[in-house]
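Read off the chains here:
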Amino acid sequence: MQNTLETIKRIYPLKEPHLQLLLKELKLVELPKNHLVIEAEKVERSLYFIETGIARAYLDGKDNRITFWFGHEGDTIFSYHSYIHNTPGYENIELLENCRLYELKTDVLKELYDTHAELANWGRKLAELALIKTEECYIARLFKTAKERYIELLKTYPSLIQRVPLGVIASYLGVTQVTLSRIRAEIK
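Note that the structure is predicted; figures quoted are calculated from it, not measured.

Asker: Even after reading the chapter, I still don't get the pairing of strand β3 (residues 46–52), so can you show me in this structure?
Answerer: It is a general feature of regular strands that their side chains alternate between the two faces of the sheet. Burial analysis of β3 places 6 of its 7 residues in the buried class, the great majority of the element. As defined by bridge partners, β3 adjoins strand β8 (residues 99–105) across 6 bridges and the pair is classed as antiparallel. For T52, the partnering residue across the bridge sits in β8 and is R100.

Right, dumping it as structure tokens:
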């Protein structure tokens, strides 16, 4: 539970009694590679903390799957639409490795928010941090080249390159595998 505990504490510093309230609601789930944790067009009733493993969020394009997010140890997985509005999300989130996740039911979490201001502040910070990550990704897609985004990916997630198929990384960068191979050759 080390990665999950560090993530919870990094989001917002909780006093020990509130931390324990949150921790007692977590359930360890072990899921296989290729499992869809979140499916598009469905309301997701849980959020997850990645203890071990890697996941990706993608959309189905006309002819391909477009990856727009990677998560690894210490990251959270949730559908913004489901979490905030209790409506179906647009994304699929697939596990790229066998994963150990800690699941937290959103209805339980919202009850904790309603009864404990400190946990409500933790939830606000969770949403704020997710918004910042989304904004950074959006700006990078608009203003950085695929090569710059690849270099940033190497710095942010150094082990990702060995753990994720190159076709998925190419999709994330918005390039073909051939172009990704050229970028990799230029950097070496």
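Asker: Looking at this structure, I do not really get the environment of T87. What am I missing?
Answerer: Relative to the elements of secondary structure, T87 occurs in the loop between α3 (80–85) and β7 (92–95). What makes T87 partly exposed here is its relative accessible area of 29%. Sequence separation between T87 and E44 is 43 residues, and the spatial gap between their C-alpha atoms is 8.2 Å. The residues touching T87, leaving out its near neighbours within four places in the chain, are V43, H81 and S82.

Asker: Can you walk me through the sheet that holds strand β1 (residues 27–31) in this structure?
Answerer: In any sheet, the strands associate via hydrogen bonds between backbone groups, in a parallel or an antiparallel arrangement. Reading across the sheet, the 4 strands line up as β1-β8-β3-β6 and stay open at both edges, with antiparallel pairing between neighbours. In the strand order of this sheet, the two ends are held by β1 and β6 (76–77), each with one partner. Relative to β8, β1 is paired through 5 bridges, and the arrangement is antiparallel. Directly across from K27, in β8, lies its bridge partner E103.

Asker: When you look at the packing of aromatic side chains in this model, what are you seeing that I'm missing?
Answerer: Remark: the centre distance and the inter-plane angle together describe each pair of aromatic rings, the angle taken between the planes. What the rule picks out here adds up to 5 aromatic pairs. Taking 6.2 Å as the distance between ring centres and 35 degrees as the angle between the ring planes, the aromatic pair formed by F68 and Y90 counts as tilted. With F68 in strand β5 (residues 65–71) and Y90 in the loop between α3 and β7, this pair connects stretches of sequence that are 22 residues apart. Residue classification places F68 among the partly exposed positions, given a relative accessible area of 24%. Measuring from centroid to centroid gives 5.0 Å for F78 and Y83, while their planes differ by 55 degrees, and the two rings are tilted. Here F78 matches Y83 in class, with each residue buried. Among the aromatic side chains, those forming a connected cluster through ring pairs are F78, Y80 and Y83. One cation-aromatic arrangement involves R141 over Y172; the distance from NZ or CZ to the ring centre is 5.5 Å.

What counts and what doesn't
- Residues numbered from 1 in each chain as written.
- Predicted model: local features only at pLDDT ≥ 70, side-chain atom pairs only at ≥ 80, totals over all residues.
- Heavy atoms only, no water.
- Buried < 20%, exposed > 50% of the residue type's maximum accessible area, 1.4 Å probe, protein only.
- Helix = DSSP H or I, 4+ residues; strand = E, 2+ residues; numbered from the N terminus.
- Pairing = 2+ DSSP bridges.
- Contact = heavy atoms within 4.5 Å.
- Phe/Tyr/Trp six-rings, centres within 6.5 Å; stacked < 30°, edge-to-face > 60°.
- Lys NZ or Arg CZ within 6 Å of the ring centre and 35° of its normal.

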